[in-house]
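Structural characterization, general
Residues per chain are reported as follows:
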Amino acid sequence: MTIKTRFAPSPTGYLHVGGARTALFSWLHARKHGGRFILRIEDTDLERSTQESVNAILEGMTWLGLEYDEGPFYQTQRFDRYKEVIQQLLAQGDAYYCYCSKEELEQLRNEQMANKEKPRYNGKCRQTANISEGQQPVIRFKNPEQGTVTINDLVKGDIVVANKELDDLIIARSDGTPTYNLTVVVDDMDMGVTHVIRGDDHINNTPRQINILKALGAPLPYYAHLPMILGADGARLSKRHGAVSVMQYRDEGFLPEALLNYLVRLGWSHGDQEIFSIDEMIEYFDLADVNVSASSFNNEKLLWLNHHYMMTKDPAHVARHLSWHMGEQGLDPALGPDLIEVVKALRERCKTLVEMAVASRYFYTEFDHYDEKTAKKNFKPETCDILKKLHDEFSLLEQWEGNPLHQVVLKVAEDLALNLGKVAQPLRIAICGTPVSPPIDVTLALLGREKTLKRIVKAIKFIKNNTDT
Ligand code: GLU
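Residues numbered from 1 in each chain as written. Predicted model: local features only at pLDDT ≥ 70, side-chain atom pairs only at ≥ 80, totals over all residues. Heavy atoms only, no water.

**As for a nonpolar patch on the surface**
A cluster of nonpolar side chains, M1, L154 and Y222, forms an exposed patch at the surface whose accessible area comes to about 350 Å². With respect to the helices and strands, Y222 occurs in strand β10 (residues 222–226). Judged by relative accessible area, which is 42%, Y222 ranks as partly exposed. (Patch = residues over 30% accessible without salt bridge, like charges linked within 9 Å, V, L, I, M, F, W, Y side chains within 5 Å. Areas by Shrake-Rupley, 256 points an atom, 1.4 Å probe, with all protein chains shown as cover. Salt bridge = Lys/Arg side-chain N within 4 Å of Asp/Glu carboxyl O. Helix = DSSP H or I, 4+ residues; strand = E, 2+ residues; numbered from the N terminus. Buried < 20%, exposed > 50% of the residue type's maximum accessible area, 1.4 Å probe, protein only.)

**Structural notes on the layout of surface pockets**
In this approach the atoms are scanned with a rolling probe the size of a water molecule, which exposes any empty space left behind. Taken as a whole, the largest pocket holds about 1,000 Å³ of empty space. Lining the largest pocket are 37 residues, with S10, H16, G19, D201 and H202 sitting closest to its centre. Secondary structure elements with two or more residues in the lining of the largest pocket: β1 (4–7), α1 (17–32), α6 (180–190) and β9 (195–199). The element that contributes the greatest number of residues to the lining of the largest pocket is α1, accounting for five residues. (1 Å grid on protein atoms, 1.4 Å probe; cavity = no way out; pocket = protein on both sides within 12 Å on 5 of 7 lines; lining within 4 Å. Points joined across faces, edges and corners; volume = space filled by probe spheres on them.)

**Structural notes on the packing of helix α3 (residues 79–91) against α6**
Orientation of α3 relative to α6, taken along the N-to-C sense of each, is 100°, at an axis distance of 10 Å. As the angle between them shows, α3 and α6 are arranged roughly perpendicular. The residues of α6 that touch α3, namely those facing R81, Y82, V85, I86 and L89, are L182, T183, V186, D187, M189 and D190. Residue classes in the contact of α3 with α6 are distributed as seven nonpolar, one polar and three charged. (Axes fitted to C-alpha atoms, helices over the stretch in contact; angles between N-to-C directions. Parallel < 35°, antiparallel > 145°, perpendicular 65-115°, else oblique. Contact = heavy atoms within 4.5 Å. Nonpolar A, V, L, I, M, F, W, Y, C, P; charged D, E, K, R; others polar.)

**What about the site of the ligand?**
Taken together, R6, A8, P9, S10, E42, Y180, V184, R198 and H202 make up the full set of residues adjacent to the ligand. The separation between a nitrogen atom of the ligand and a polar side-chain atom of E42 is 2.5 Å. H202 places a polar side-chain atom, nitrogen or oxygen, 2.8 Å from an oxygen atom of the ligand. Split by residue class, the shell around the ligand holds four nonpolar, two polar and three charged. (Near = heavy atom within 4 Å. Polar contact = N/O pair within 3.5 Å; in protein donor to acceptor, adjacent residues only side chain to side chain.)

If you want it as structure tokens, here you go:
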């Protein structure tokens, strides 16, 4: 049997981390078993579904690298098929038209609430259709009245639900459009889904879906309901906790590997291992190891993972992602040193790609201001002599490389009988505008001779204009 899983988001917003985790677990289960992973866009709610959300979901999946083998399928393109199945259920006596009006149902609901009963449809039209003129009927599924439904949940274990707890749910609205529980069942059946992996907010739907599948004579898939994700404060993760959209994590400078590694550990573990390459995730992932209880989101850990991947991934790979962030910062990576070298120079001190793009600014563009506090402290009238000497030495240097550059700075310090910091720090501010940069020789090597000399001249002018000489 070929294992088939699916991710079935409703395009009513961005791809959030909860959805991404569901997609990841479904993808991993398929990849582990040589199976197929389907993407299905559940867009039947015409009022809430938008093309923008579809694009956001596709973009998120691509950025995370969760490639699908089939789809994307769109439910709005399958209405004929849903109609066909609804007709089949009607024809075989497993569904019926219901003419109960809104007011009638509202009254029933109020009565049940007053009697402290669970609000549910009373099955009035189940035996005899009470056709009422001018009232467009809905179609309800005839849920079995006796017996139980068992969900053999791969995460939560067996869950038994009595059929008398379930009422006859609406499978087609009065305008003829199918409802969620019907479309999901038809799609899972037609697409040969063997494992339904989804958030446990759907667990109440599962017994109803099982009953419809049984009525259609379809094989039952396995179910795995994933516990929800909480914010650090214990409340269900929401926008209030900061970023919850996958693309916002991209925007904030996270590598997809870091987010995937973070997500895989949200509710799943393999011993006490924290770092997982994609290959390891596929090798070790097992639905049986998914936690039963909810897991909490921890931004610090995500940052830690991001730094880990920035440090250990091939710098060329990091550079490819950094390049996008450079654009976001208005920087053109072609106007400065090789990005791969910049990644190597900056990765130790940056936890996100945004930090790295910001920190690389002076390599790619001229700056107008010097960091005020440090300029005040380091730019003194006598600094001009130091900078001038550096300028002269740098102009003559044959090899513009780390070690010779380091030697120049050492020599100037020695010649002027100053300690290294008294030379390196004004130089750093002169060429970077800020007091923070990689080691001075690395910074100089990356910046190149031309920019270095120009910026030293500019700093000398600045000092002359701003200090009383
Ligand atoms: N479309 C549903 C949602 O976005 C998921 C349905 C399912 O996985 O069965 O919540």
